[in-house]
Amino acid sequence: MQNNHSRRSVLKGLAAASAAGALAPAMAAVDPCKIPAKWDVTTEVLVIGSGGAGLASAVSAAQGGAKVTVMEKLGFVGGNTMLCSGYYNCVDPNRQKPQGIKDSVELHVQQTLAAGDYRADPKLVETLCSKGLETLQWLEGLGMKIQPKVTQVYGALYPRSHLATESKGAGYVKALKTKADELGVKFLMSTKMKTIVREKPQAGRVLGVEAVTSDGKTILVRATKGVILAAGGYAANPELRSLYDPRLRTLTTTNNTACSTGEVMLAANAAGAMLIGTDYIQCNPGPAPGHQNGVRQSLHLEVEKYIYVDQRGQRFVAEDARRDVVRDAVLALPEKYGYVIVDADGFKANPPAAQRDAKRGLETGDSFTAETLAELAKKIKIDPKALQKTIDEFNACVDKKSDPKFGRKPAMLTSKLLKGPWWAAYSAMAVHHTMGGVRIDTQARVIDLAGKVIPGLYAAGEVTGGIHGSNRVGGNAVLDIHVFGRIAGKSAATGA
Ligand SMILES: Cc1cc2nc3c(=O)[nH]c(=O)nc-3n(C[C@H](O)[C@H](O)[C@H](O)COP(=O)(O)OP(=O)(O)OC[C@H]3O[C@@H](n4cnc5c(N)ncnc54)[C@H](O)[C@@H]3O)c2cc1C
């Protein structure tokens, strides 16, 4: 069930998070009853976070004529967007038609709503899907290079995933940061936002924020046109992510552990913002248990090309299923991990970065390769006969275009697994994306506990909730951060 937080439940979350020490400093040091007499920095639009949502907001606000400052707690820009695979879903007739793919915005909307169990806000989903192509073209106009063909990334459910030509998520960050610099956007690096300052406690206009610099100095930043929250999710905060699902406490995460700690979402709630859907948390294949610092493997990205097997060498789930279905299937295995298996063709079909990580993973024990399937089976301690039987059964499914045991769809039964070198990637569930967060409207304005707009406060990206419902479609987050980032920037610049 979607969780529209009551203040009590959120305060419970805060208490739990604070008890672990992770978020204790998020509690206000500024006196919420007093408007500061002096501000250390004044700007028109202040953006919190320099990932894809933050940079898109900053560029869009600057294009709208505003003076913009981005505050980033780390010493570098990009957040998780920098390390993401960069798949971007949208309906795109110029690319899809030549590939024989029929698509429409209505279909994208319907699939997104259904995949999230109808828990997403339909108006936000319509905005997300209908503005996908124009936002992609906006990014291309800023220098982003996108491949001519679309594909169906893991969890995408339909072939409309666009991929950067060279550098995955880093390509978006580079294009946006270059434009932001050109437009004179200022960056306050190594500065962590703590508290949102409003005219009155939980009432009135948002005036700015209180933050702390890396040398421990508290600063007050005034934003005369608005503050845009773009601080990402909380996948790296074990207390927050396990509030509703204790299975998630001890898992690894695919996220940068310094980024996704959730304190900005909690500060927004403390300032009066509504949070929604914070129990919807997505896992993805990631580092094996105990391997947080290993090399994350991504040989699962091209769904047509791989199968997932357990330690007995058997398939256990339709590899093209929703991500929450795959998560539950993996977490139900006694070992809580499986192996992604690809043959030589499947390996080559993966983006260069995924191939590079697989090669690096050989040294850290996160991936394995062998000329023959039997040799590979020995390396991963699976009975070679059992693995061969599974491959033969899967290839028969491809012949028949039917997978009676698990229900993998015919469109994903196109590639047999035939020849070496074979690859296996050690693949457990890692916390990947948090679908809940600050509630916004279609203009990216933050909504308060009474359902009203908070003047001067906007939000975009993974810090928000209500866009993906209970389960995010693979490739819809990179879409989300840019579509709503662009909207938030425009809204703040124009005072919407
Ligand atoms: C490995 C990986 C692969 C992925 N691949 C895909 C994909 O192919 N397609 C897809 O759709 N989605 C993908 N995702 C999900 C998607 O990348 C993220 O949802 C998205 O990048 C989040 O962007 P964001 O701008 O909201 O947050 P981020 O990019 O995480 O940026 C948030 C920024 O805010 C900063 N910040 C946080 N708190 C504070 C604070 N208190 N003060 C100041 N700054 C703060 C952080 O340091 C960070 O720089 C992937 C995610 C991961 C981890």
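Quick caveat: nothing in here was measured; it's all calculated off a predicted structure.

### Overview of the site of the ligand
Now for step 1: The local shell around the ligand holds 40 residues, among which Gly49, Gly51, Gly79, Gly232 and Gly461 are the closest.
Now for step 2: For the shell around the ligand, the elements supplying multiple residues, two or more each, are helix 2 (52-63), helix 3 (79-83), strand 6 (191-200), helix 10 (263-270) and helix 16 (476-494).
Now for step 3: Considering only residue class, the shell around the ligand consists of 16 nonpolar, 19 polar and five charged.

### A short note on unusual backbone geometry
Now for step 1: A cis amide bond links glycine 420 to the next residue, proline 421, at an omega of 0°.
Now for step 2: Of note, proline 421 is situated in the loop between helix 15 (384-400) and strand 15 (422-434).
Now for step 3: You will see that aspartate 117, though not glycine, has its phi angle at about 55°, which is positive.
Now for step 4: Looking at the secondary structure, you find aspartate 117 in the loop between helix 5 (105-115) and helix 6 (122-130).

### Side note on the nonpolar core
Note that soluble globular proteins tend to have their nonpolar side chains buried in a common cluster.
Now for step 1: With 145 residues, the main nonpolar core has Ile48, Ile228, Leu229 and Ala459 as its most contacted residues.
Now for step 2: In terms of residue count, the dominant contributor to this core is helix 16 (ten residues).
Now for step 3: Per-domain counts for this core show at least three residues from each of domain 1 (7-280 + 435-494) and domain 2 (286-431).
Now for step 4: Leaving out residues up to four positions away in the same chain, alanine 459 has contacts with Ile228, Leu229, Val438, Ile440, Ala444, Val446, Thr464 and Ala488.

### Quick notes on the environment of leucine 176
Now for step 1: Considering the arrangement of structural elements, one finds leucine 176 in helix 8 (residues 168-182).
Now for step 2: Put simply, leucine 176 and asparagine 471 are 295 residues apart on the chain and 28 Å apart in space, counted from C-alpha to C-alpha.
Now for step 3: With near-sequence residues (within four places) excluded, leucine 176 lies in contact with Leu55, Ala56, Val59 and Leu142.

### Things to note about the domain arrangement of the protein chain
Now for step 1: Parsing the protein chain into structural domains produces domain 1 (7-280 + 435-494) and domain 2 (286-431).
Now for step 2: On a C-alpha basis, the centres of domain 1 and domain 2 stand 32 Å from each other.
Now for step 3: Domain 1 puts 19 residues into the contact, and the matching count from domain 2 is 19 residues.
Now for step 4: Taken together, the residues of the side of domain 1 that touches domain 2 sort by class into seven nonpolar, nine polar and three charged.

### Examining helix 7 (residues 132-141)
Now for step 1: All buried positions along helix 7 are accounted for by Gly132, Thr135, Leu136 and Leu139. One side of helix 7 carries all its buried residues, which in axial view fall inside an arc of 105°. In this structure, helix 7 carries Glu134 and Gly141 as exposed residues pointing more than 90 degrees from its buried face.
Now for step 2: Considering only its buried residues, helix 7 is in contact with strand 3 (88-89), helix 6, strand 4 (161-162), helix 8 and helix 16.
Now for step 3: Note on helix 7: the residue one or two positions beyond its end, glycine 143, has a positive phi of about 115°.

Scoring rules and cut-offs
Residues numbered from 1 in each chain as written. Predicted model: local features only at pLDDT ≥ 70, side-chain atom pairs only at ≥ 80, totals over all residues. Near = placed C-beta within 6 Å. Helix = DSSP H or I, 4+ residues; strand = E, 2+ residues; numbered from the N terminus. Nonpolar A, V, L, I, M, F, W, Y, C, P; charged D, E, K, R; others polar. Core = buried A, V, L, I, M, F, W, Y, C linked by C-beta atoms within 7 Å. Buried ≥ 20, exposed ≤ 12 C-beta atoms within 10 Å, placed from the backbone. Domains from an automatic or database assignment. Contact = placed C-beta atoms within 7 Å. Arc of directions from axis to C-beta.

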